[in-house]
Amino acid sequence: MKKWLVVLLALSFSMPALGLAEDKPKEFMVYADKNARDNHFIPSGWMGDYGDIKINDQSSNNPHSGTNCIEFVYSAKKTQGKGWAGVYWQNPAQNWGSKKGGFDLTGMTKLTFWARGAKGGEVIQKLKVGGIGIDSKAVYPDSCDIEMGPIELTDTWKQYTVNLAGKDLSYVSGGFCWVTTADLNPEGFTFYLDDIKFEVDASLKPEGKKQESMPFYVYSDVRSSKNHFIPSGWMPDANTAKDIKYENANKEDPYLGDTCIKIAYNDVSGTRWAGIYWQNPANNWGNKDAGFDLSKTTSFTFWAKGAKGGERIEEFKVGGIMGEFSDSDSAVIGPVILNKEWTKYTIDLKGKDMSYVIGGFCWSTNVDNNPEGATFYLDELKYE
Amino acid sequence: MSPLSLRGHFSLVWRTVPILLLAICFLAAAPRGRPKVFIKKLKNNHYQLIVEHKPYIIKGVCYNPIPISQNYEYDWWSDPNKPWIVDGKLMKDMGINTIRLYQVDGDSDAVKRVIRDLYKNYGIRTILGSWLGFWEYPCPFYGDKKFQNKVKKEVLEMVSLYKDEPGVLMWVLGNENNYSCLGTVNPWSSDEIDKEPDPQKQKAMRAKIYYSFVNDLTREIHKIDSDHPVALGNGELVGLEFANKYARDVDLVACIIYRGKTFGNLFRSLKLTFDKPILVSEFGADCYDAYLKKEDQNMQAFFLESQWRQIYENLAGNKDGAGNCLGGTIFEWTDEWWKHDQSNPDSWSVHDTTSNWSNGSYYFDIKAEGNKNMNEEWFGIVALSQDLEQGINKRVPRKAYYVVREFWKKPILNNKRNKK
């Protein structure tokens, strides 16, 4: 082969590589506009009460940029009986980790999106990047599982950012996700999304856990975006659903605000005891590195009352979840015999290490001390 | 005698008296007056165990060498094959310097022989404990003076019998008896407690009775044995706010902790609740993966190394730790094959793999059915073989044995607090 031909061939191979190195993308679109060529994910992963969701992915109602945006209508009718719903942007469509479709987004440091509510005040419980196949035995699980939220929308476009600095983005098949609940939006809502994209921002640093300021709510009011934990940890097992009736939005006689929590316990399953942990995120039994730094707290307070008075709760507890990522401490009061009137209870946290809290609050009781069952109410659960 | 010689005599006396006085003073102040084993509070408020004038880190195991096909009633003390001789050698090779015996019953000569053999042959010391009647039927009536006196008599007999054994390290009173004050395990009450309608006050009343009783026992032991510290055995830190009021005379706490890879805020939390030194007297991990249904020695070794690292981080002298830890006794030396089905002798010859309880801190196999992931018969750092060697079940050290041995040889600590 002629020498010049070898040089030409070498050059022809090296040029695209050089070009790629120089043109490393500064952004990577999830959604720009309907049918935009640089959309990389499909909003195909409908979850929970998927029957409550309607989508118009080419809404021309005041897009943030371009010719259209995405409109979601969430009815909160609990069509599938879940009480929550959400949508994953996946690649390829319907990929829950069984197909190889993730992108290597190493180098991106944030995901940004624009959102607005039809009226303002709509609450999205959480936004996610990654997380597909993390909990299951998926063949191709995402390399990251990042959450932010809740957020309360305004009626004008506002940009939101998910910090991804320091996260492992080497395999992302779930590009974006939103989730909300009927409790947070009992009448449902309409909201809009536009310009969802990954970006490079060299100034962003990995987010350490910031010390949360007080008061820090577990539960304030059903629609409050200040609620930071989910009452997802039903104990001891799946049978507990038979034993507990849980209402997050009871309006009979809240201590403060519009709603309180009503819990009716009856030992139907024969398990003989039951309880609920408020967790962050939902169903986190110490298997996810999450939770909050509540180092500034000195006490946990809540209000409680029994339907008749005399109901006995064995434990009210904060912290205490043990797993790969354990709560840094725990504190407990109990047994407590409830009054018929609202009564304030305090768990003293002075000297406790509350720098890492997944289990925000917990109660447990049993049939031995409540042979007739127990109906009780909780309100204003907060760290102070 | 000439005046000169008299002068010399007086001179000798005058020279000798100060020396004698000095010697008396020196002897009075010499370590001879110090207990053989005691806990020293350092200037930085850290605690250090001193044994015969030297700092001592308790590197221990809980010891109950029940052979395959026997149960807890087996009198291993009188076993002519002396399993402790084989075990002691293996323990010494690993670096173990202490065993913990939960309670000693039966022939005191046989017990003394075990203590002496381990100490003389291998330098291994013994922690002796008492259940304080916790497992007696129908339940431990700590509010009943007769019951208290009976337990006190047993405890003081134990102390009198063994206090002069050079191998004895300390006494542990109770194990997790504090849970009975909550009414969760072996609940007990009294007429006075029954009259109190508020269950929180009932709990406080029981705790006052129980911890005051332990304090009383401690003072009685101190009267007859000033050479060995007395520990309050306790499940977790539960109830120690009451011990802080009613059991001030105990020298240390001996806590049972099963928190997986970390002890969390245990050491600092204790400092705030009840500022006493701590022996982590029961901790560890099983080596059976209840999810994958197979033995997993790596899992056990991982947890044990992590736990020992935290123990070392909180020994006296480590500026990043709480400085109140004296060491630990791993649960346990050998597997116990009788535990799963205690009433069925046939099962004592079977190494059961059915999980007995759930603990999310041991997260590798928490997805096991019903989340039951703890295998009570698989906690040994040494496995038992059905083959006999020197008349006893052959000992087969597990990976944890070697991993902890290497850690003790060269402890590598995390200098930053690990909160998770």
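This structure is a prediction, so every number in the text was calculated from the model and none was measured.

What counts and how
In every chain, residue numbers begin from 1 and rise along the written sequence. Lettering for chains starts from A, numbering for ligands starts from 1, and both go in the order in which the items are written. Local features in a predicted model are, by the rule used here, given only for residues with pLDDT of at least 70; side-chain atom pairs are given and counted only at 80 or more, and totals for whole chains, interfaces and linings are based on all residues. Comment: elements are numbered from the N terminus, with helices defined as DSSP H or I runs of at least four residues and strands as E runs of at least two. For the exposure call, what matters is how many other C-beta atoms sit within 10 Å of a residue's own: 20 or more marks it buried, 12 or fewer exposed, and in between partly exposed, using C-beta atoms placed from the backbone. The atom set for the radius of gyration is the C-alpha atoms, and the globule formula is 2.2 Å times the number of residues raised to the power 0.38. Each residue is represented by a C-beta atom placed from its backbone, and any two residues with such atoms within 7 Å are regarded as in contact. In this usage, the nonpolar core is the set of buried Ala, Val, Leu, Ile, Met, Phe, Trp, Tyr and Cys residues whose C-beta atoms join them within 7 Å. Segment limits for the domains were obtained from an automatic or database-derived domain assignment. Working convention: axes come from line fits to C-alpha atoms, limited for helices to the stretch in contact. Angles between N-to-C directions cover 0 to 180 degrees. Helix crossings fall into two classes, left-handed where the near helix is turned counterclockwise from the far one by less than a right angle and right-handed where it is turned clockwise. Three residue categories are used. Nonpolar comprises Ala, Val, Leu, Ile, Met, Phe, Trp, Tyr, Cys and Pro, charged comprises Asp, Glu, Lys and Arg, and polar comprises the others, including Gly. pLDDT runs from 0 to 100 and stands for how confident the predictor is about each residue. Two strands form a pair only when DSSP identifies at least two bridges running between them. Should an angle fall under 35 degrees it is called roughly parallel, over 145 degrees roughly antiparallel, and 65 to 115 degrees roughly perpendicular, with every other angle called oblique. A right-handed crossover is one whose linking path, passing over the helix from the first strand to the second, runs clockwise when the strands point away from the viewer. Working definition: the arc comes from the directions between the helix axis and the C-beta atoms, pointing outward to the latter.

### Quick look at the overall build of chain A
And step 1. Counting secondary structure elements, chain A contains two helices and 26 strands.
And step 2. The dimensions of chain A, computed from C-alpha atoms along their principal axes, are 95 × 45 × 40 Å.
And step 3. Scored against the burial criterion, the 384 residues of chain A give a buried share of 43%.

### A closer look at the overall build of chain B
And step 1. Broken down by element type, chain B carries eleven helices and 15 strands.
And step 2. Radius of gyration (C-alpha) of chain B: 24 Å, near the 22 Å computed for a compact globule of 420 residues.
And step 3. Projecting the C-alpha coordinates of chain B onto the three principal axes gives extents of approximately 100 × 60 × 50 Å.
And step 4. Out of the 420 residues belonging to chain B, those deemed buried represent 44%.
And step 5. Restricting the contact set of chain B to residue pairs at least 6 apart, pairs at least 24 apart contribute 72%.

### Details of the nonpolar core
And step 1. The biggest cluster of nonpolar side chains holds 103 residues, and the ones touching the most others in it are Trp171, Leu173, Val214, Ala231, Leu232, Val253 and Ile278 of chain B.
And step 2. Per element, the largest residue contribution to this core is nine residues, and it comes from helix H7 (residues 199-224) of chain B.
And step 3. Not counting residues within four places of it along the chain, the set of residues in contact with alanine 231 of chain B comprises Met170, Trp171, Val172, Leu173, Val250, Asp251, Leu252, Val253, Ala254 and Leu279 of chain B.
And step 4. Ranked by size, the runner-up nonpolar core spans 43 residues in total, among them Ile53, Phe72, Leu127 and Ile196 of chain A.

### Examining the domain arrangement of chain B
And step 1. With domains assigned, chain B is organised as domain 1 (1-33) and domain 2 (36-409).
And step 2. Placing a centre on the C-alpha atoms of domain 1 of chain B and another on those of domain 2 of chain B gives a separation of 52 Å.

### Description of the environment of asparagine 250 of chain A
Residues and elements named next belong to chain A.
And step 1. Of note, asparagine 250 is situated in strand S16 (residues 244-250).
And step 2. In this structure asparagine 250 comes out as partly exposed when scored by C-beta crowding, with 18 C-beta atoms within 10 Å.
And step 3. Residues asparagine 250 and tyrosine 377, spaced 127 residues apart in sequence, show a C-alpha to C-alpha distance of 8.7 Å.
And step 4. Discounting residues that sit within four places of it in the chain, asparagine 250 has contacts with Thr259, Cys260, Ile261, Lys262 and Tyr377.

### Some thoughts on the packing of helix H2 (residues 83-94) of chain B against helix H3 (residues 108-122) of chain B
Geometrically, a packed helix pair is captured by the angle between its two axes and the distance between the axes.
Residue and element names in this part refer to chain B.
And step 1. Contact pair H2 / H3: the axes reach a minimum separation of 10 Å and the direction vectors enclose 35 degrees. Helix-helix and strand crossings are classified by hand; for H2 and H3 the assignment is right-handed. Residues Trp84, Ile85, Gly88, Lys89, Met91 and Lys92 of H2 lie in contact with H3, whose contacting residues are Val114, Asp117, Leu118, Asn121 and Tyr122.
And step 2. Here the contact of H2 with H3 is built from residues that sort into six nonpolar, two polar and three charged.

### A look at the interface of chain B and chain A
And step 1. Between chain B and chain A, the contact holds 17 residues from the first and 19 residues from the second.
And step 2. Ranked by residues supplied to the side of chain B that touches chain A, first place goes to helix H9 (residues 266-273) of chain B with three residues.
And step 3. Class assignment of the residues belonging to the side of chain B that touches chain A gives a composition of three nonpolar, nine polar and five charged.

### Describing the confidence of the model for chain A
And step 1. Taken as a whole, chain A shows an average pLDDT of 90; of its residues, 93% reach a score of 70 or greater.
And step 2. Below a pLDDT of 50 lies the segment residues 1-22 of chain A, which in the model reaches one contact outside its immediate sequence neighbourhood of four places, other chains included.

### A closer look at the environment of aspartate 289 of chain A
Residue and element names in this part refer to chain A.
And step 1. Its location among the elements puts aspartate 289 in the loop between strand S18 (273-279) and strand S19 (299-306).
And step 2. The partly exposed category is assigned to aspartate 289, around which 13 C-beta atoms lie within 10 Å.
And step 3. Separated by 37 residues in sequence, aspartate 289 and serine 326 place their C-alpha atoms 8.8 Å apart.

### Let's talk about the sheet that holds strand S4 (residues 58-62) of chain B
Strands pair in a sheet through their backbones, by hydrogen bonds, and they do so in one of two ways: parallel or antiparallel.
Residue and element names in this part refer to chain B.
And step 1. Here we have eight strands rolled up into a closed barrel, ordered S4-S5-S6-S7-S8-S9-S10-S13, and parallel in their pairing. Averaged over all neighbouring strand pairs, the angle between strand axes comes to 25 degrees, with direction disregarded.
And step 2. Across four bridges, the pairing between strand S9 (residues 252-256) and strand S10 (residues 278-283) is parallel. Bridge pairing links cysteine 255 to valine 280 in S10.

### Quick word on the environment of isoleucine 146 of chain A
Residues and elements named next belong to chain A.
And step 1. Counting through the fold element by element, isoleucine 146 comes out in strand S9 (residues 145-148).
And step 2. Of the residues examined, isoleucine 146 has 19 C-beta atoms within 10 Å and is grouped as partly exposed.
And step 3. Residues isoleucine 146 and valine 129 lie 17 residues apart in sequence; the distance between their C-alpha atoms is 5.2 Å.

### Notes on the domain arrangement of chain A
And step 1. Examined at the domain level, chain A breaks down into domain 1 (26-199) and domain 2 (216-383).
And step 2. Contacts between domain 1 of chain A and domain 2 of chain A engage seven residues on the former and six residues on the latter.

### Points about unusual backbone geometry
And step 1. Cis geometry marks the peptide bond from methionine 235 of chain A to proline 236 of chain A; its omega dihedral reads 5 degrees.
And step 2. That bond from asparagine 280 of chain A to proline 281 of chain A is cis: its omega, -15 degrees, falls within 30 degrees of zero.
And step 3. Mapped onto the elements of the fold, proline 281 of chain A is located in the loop between S18 and S19.
And step 4. The backbone of asparagine 283 of chain A shows a phi angle near 65 degrees, a positive value even though the residue is not glycine.
And step 5. In this fold, asparagine 283 of chain A is placed in the loop between S18 and S19.
And step 6. Within the chain, lysine 82 of chain B stands out as a residue other than glycine whose phi angle is a positive 45 degrees.
And step 7. Here lysine 82 of chain B is to be found in the loop between S4 and H2.

### Digging into the sheet that holds S9 of chain A
Residues and elements named next belong to chain A.
And step 1. The five strands lie next to each other as S2-S5-S12-S8-S9, forming an open sheet whose pairing is antiparallel. Edge positions in the sheet fall to strand S2 (42-48) and S9, since each of these pairs with one other strand and no more. With direction set aside, neighbouring strand axes in the sheet form an average angle of 20 degrees.
And step 2. For strand S8 (residues 126-130) and S9, the ladder comprises four bridges, and the chain directions are antiparallel. Note that in S9 the partner of valine 129 across the bridge is isoleucine 146.

### Observations regarding the packing of helix H10 (residues 297-313) of chain B against helix H11 (residues 399-409) of chain B
Residue and element names in this part refer to chain B.
And step 1. At a closest axis distance of 8 Å, the pairing of H10 and H11 adopts a crossing angle of 25 degrees. One element, H10, and the other, H11, form an angle in the roughly parallel class. As for how H10 packs across H11, the hand of that crossing is right-handed. On H11, the residues that touch Gln297, Asn298, Gln300, Ala301, Leu304, Glu305 and Trp308 of H10 are Lys399, Ala400, Val403, Val404 and Phe407.

### A few points about the confidence of the model for chain B
Residue and element names in this part refer to chain B.
And step 1. Per-residue pLDDT for chain B averages 91, and the proportion of residues at 70 or more is 91%.
And step 2. Below a pLDDT of 50 lies the segment residues 1-14, which in the model reaches one contact outside its immediate sequence neighbourhood of four places, other chains included.
And step 3. Confidence drops under a pLDDT of 50 for residues 25-31, and excluding neighbours within four residues, the segment shows two contacts in the predicted structure.
And step 4. Taken over the whole predicted complex, pTM reads 0.78, whereas the ipTM for its chain interfaces reads 0.76.

### Quick look at the pairing of strand S8 (residues 230-235) of chain B
All names here are of chain B.
And step 1. Among the six residues in S8, six count as buried, and that is most of the element.
And step 2. Neither face of S8 is exposed, since Val230, Leu232 and Asn234 on one face and Ala231, Gly233 and Gly235 on the opposite face are all buried.
And step 3. As paired strands, strand S7 (residues 168-173) and S8 are joined by three bridges and run parallel to one another. For leucine 173, the partnering residue across the bridge sits in S8 and is leucine 232.
And step 4. As paired elements, S8 and S9 share five bridges and run parallel to each other. Note that in S9 the partner of glycine 233 across the bridge is alanine 254.
And step 5. Between the parallel elements S8 and S9, the chain passes through helix H8 (residues 240-246) in a crossover that is right-handed.

### Remarks on H11 of chain B
All names here are of chain B.
And step 1. Those residues of H11 not exposed but buried are Ala400, Tyr401, Val404 and Phe407. The buried residues of H11 occupy an angular sector of 135 degrees when the element is viewed end-on, so they sit on one face.
And step 2. Considering only its buried residues, H11 is in contact with H2, H10, strand S14 (382-389) and strand S15 (392-397).

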